[in-house]
Amino acid sequence: MDKKLEPIVKSVQDKFSATFEEFRDEVHLFLKPEQIVDALTLLRDEFNFELLSALTAVDYYPQETPRFHVVYQLTSIAKNRSVQIRVPVNGSSPKIPTATHVYDVANWRERELLDMFGIEFDGHPDPRRILSPEDMEGHPLRKDFPLGYEEPQFTFNFDEIDLRKPYAKE
Amino acid sequence: MGVEQKLGNMGVVTTTLESVVNWGRTNAMWPMLFGLACCAIEMMSAQSSAYDMSRFGMELMRASPRQSDLMIVAGRVSKKMGPVLRRLYDQMPEPKWVIAMGDCASCGGVFNNYAIFQGVDEVVPVDVFVAGCPPRPEALIHGVMTIHEKVKGESFKQYAEKYKQTT
């Protein structure tokens, strides 16, 4: 591990009893959902992580439980270092506290996670879908979301598919 | 060549009103300035001097749907873009025609997924599908020529029936 990151990791470990993993010099701290706001505040205020450069999620269904990892990637521009925080959450509608009051940029990123993975953020000021239409069902980036959406229209199934296209005959 | 030959020295041409109207429609068919993806680049190229769509009276790409006759759907239409496309189509005055340009607009192309319409004919009625990914300007011009052939064959009776259906 990068020597500069050691005090940071140690501090977070002591305070939140977090485990950590290292992969190719990247440090991942594993936290519980209820600790995330405190941990982000600590890292922002005491270790100069002024930028939440990515907030995303991974779905490990069906290999792992808990199936989702919410990943916060923090960057310190002042000190040129970065750290990842992973929050494993489970279930079909997992909940996690919002980080919008720590990092403003979390607002749209959390909406994207709500849209794509169905991860709800408690206390989010504007919990709507951001990319898909409002009336869409399901969350497309989940592994159990069906891959193909629609059969293409060919000669052999022309009539069958044509029934689903009311506007084509105007 | 031209109207002088038909006129001879009489100064009179006999024809039907339908064919004059359709001739007028085909030779001043203004497309809507509306590109959605890489096909729009080919559409712009078709307008350029090398391919020159203004030969067919189509040099005016109208930025407003209310002034255009032809909608060229150039690119993939996402689920969120669908209502916008439909609204633009509804704002165009009759008579109006639609070209689905490229594979994405015709059948979804490579994007068979949750976000893209599998053919723009789910949203608007399409007259001509132009294949290609993206189609070359020649292909688009061929599509336009095909629409022109279609328009030349249309009659007032068809328009009247269509209008009756929509009201």
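A.B. asks: Sorry, what's going on with the sheet that holds strand β3 (residues 128-130) of chain B here?
C.D. replies: Strand pairing in a sheet relies on backbone hydrogen bonds. The paired strands run either parallel or antiparallel. Residues and elements named next belong to chain B. Strand order across the open sheet formed by three strands is β1-β2-β3, with parallel pairing between neighbours. Looking at strand neighbours, the two that pair on one side only are β1 (70-74) and β3, the edges of this open sheet. Averaged over all pairs of adjacent strands, the angle between their axes in this sheet comes to 20 degrees, without regard to strand direction. Where β1 and strand β2 (residues 97-101) come together, five bridges link them in parallel fashion. Following the sheet pairing, Val73 is matched in β2 by Ala100.

A.B. asks: Would you mind going over a negative patch on the surface with me for this structure?
C.D. replies: On the surface, a cluster of negative charge is contributed by Asp2(A), Glu6(A), Glu22(A), Asp25(A) and Glu26(A). Within the element layout of this structure, Asp2(A) appears in the segment before α1 (6-16).

A.B. asks: Help me out: how do you make sense of the nonpolar core in this one?
C.D. replies: Nonpolar side chains in soluble globular proteins tend to be buried together. Leu40(A), Leu43(A), Val70(A), Tyr72(A), Leu74(A) and Ile85(A) are the most contacted members of the largest nonpolar core, which totals 38 residues. Elements supplying a minimum of two residues to this core: α1, β2 (26-30), α2 (36-46), β3 (51-59), β4 (68-76), β5 (81-89) and α3 (106-117) of chain A. Top contributing element to this core by residue count: α2(A), with six residues. Beyond its immediate chain neighbours, meaning those up to four positions away, Ile85(A) contacts Leu29(A), Leu31(A), Ile36(A), Leu40(A), Leu43(A), Val70(A), Val71(A), Tyr72(A) and Leu74(A). In this structure, Cys39(B), Leu70(B), Ile99(B) and Ile141(B) belong to the second largest nonpolar core, which totals 23 residues.

A.B. asks: For this particular structure, what's the right way to read the interface of chain B and chain A?
C.D. replies: Many structure descriptions define interface size as the accessible area lost when the parts assemble. Taken together, the contact pairs 14 residues of chain B with 19 residues of chain A. Carbon and sulfur atoms supply 54% of the area buried between chain B and chain A, which totals about 1500 Å² over both sides. Of all residues in chain B, Lys80(B), Tyr114(B) and Glu122(B) bury the most surface against chain A, accounting for 39% of the area lost on that side. One can count zero salt bridges joining chain B with chain A. Connecting chain B to chain A are one residue pair in polar contact (both at pLDDT 80 or more). Broken down by class, the residue content of the side of chain B that touches chain A amounts to six nonpolar, three polar and five charged.

A.B. asks: What exactly am I supposed to notice about the packing of aromatic side chains here?
C.D. replies: Centre-to-centre distance and the angle between the planes together describe a pair of aromatic rings. Summed over the entire model, instances satisfying the criterion amount to two aromatic pairs over all chains. Centre to centre, the rings of Phe68(A) and Phe117(A) are 6.1 Å apart; their planes meet at 85 degrees, and the pair counts as edge-to-face. One end of the pair, Phe68(A), is in strand β4; the other, Phe117(A), is in helix α3, and 49 residues separate them in sequence. The two residues Phe68(A) and Phe117(A) agree in class, both being buried. Relative to Tyr114(B), the ring of Phe145(A) has its centre 5.9 Å away and its plane inclined at 85 degrees; by these criteria the two rings are edge-to-face.

A.B. asks: Where do I start with helix α4 (residues 82-91) of chain B in this structure?
C.D. replies: Think of an α-helix as 3.6 residues a turn; residues three or four steps apart then line up on the same face. Residues and elements named next belong to chain B. Every buried residue of α4 is listed here: Gly82, Leu85, Arg86, Leu88 and Tyr89. Relative to the axis of α4, the buried residues are bounded by an arc of 160 degrees and lie together on one face. Away from its buried face, by an angle of more than 90 degrees, α4 presents the exposed residues Pro83 and Arg87.

A.B. asks: Explanation requested: the pairing of β1(B) in the structure shown.
C.D. replies: In summary, the side chains of a regular strand alternate between the two faces of the sheet. All names here are of chain B. For β1, a buried count of five out of five residues is recorded, marking the element as mostly surrounded by other parts of the structure. The alternating pattern of β1 places Leu70, Ile72 and Ala74 on one face and Met71 and Val73 on the opposite face, and all of these are buried. For the crossover that starts at β1, traverses α4 and ends in the parallel β2, the hand is right-handed.

About the thresholds
- Residues numbered from 1 in each chain as written.
- Chains lettered and ligands numbered in written order.
- Predicted model: local features only at pLDDT ≥ 70, side-chain atom pairs only at ≥ 80, totals over all residues.
- Heavy atoms only, no water.
- Pairing = 2+ DSSP bridges.
- Helix = DSSP H or I, 4+ residues; strand = E, 2+ residues; numbered from the N terminus.
- Axes fitted to C-alpha atoms, helices over the stretch in contact; angles between N-to-C directions.
- Patch = residues over 30% accessible without salt bridge, like charges linked within 9 Å, V, L, I, M, F, W, Y side chains within 5 Å.
- Areas by Shrake-Rupley, 256 points an atom, 1.4 Å probe, with all protein chains shown as cover.
- Salt bridge = Lys/Arg side-chain N within 4 Å of Asp/Glu carboxyl O.
- Lys, Arg positive; Asp, Glu negative; His and termini not counted.
- Charge placed at Lys NZ, Arg CZ, Asp CG, Glu CD.
- Core = buried A, V, L, I, M, F, W, Y, C linked by side-chain atoms within 4.5 Å.
- Buried < 20%, exposed > 50% of the residue type's maximum accessible area, 1.4 Å probe, protein only.
- Contact = heavy atoms within 4.5 Å.
- Buried area = accessible area lost by both parts, 1.4 Å probe.
- Polar contact = N/O pair within 3.5 Å; in protein donor to acceptor, adjacent residues only side chain to side chain.
- Nonpolar A, V, L, I, M, F, W, Y, C, P; charged D, E, K, R; others polar.
- Phe/Tyr/Trp six-rings, centres within 6.5 Å; stacked < 30°, edge-to-face > 60°.
- Arc of directions from axis to C-beta.
- Right-handed = clockwise from strand over helix to strand, strands pointing away.

The values reported here are purely geometric and, on their own, carry no functional implication.
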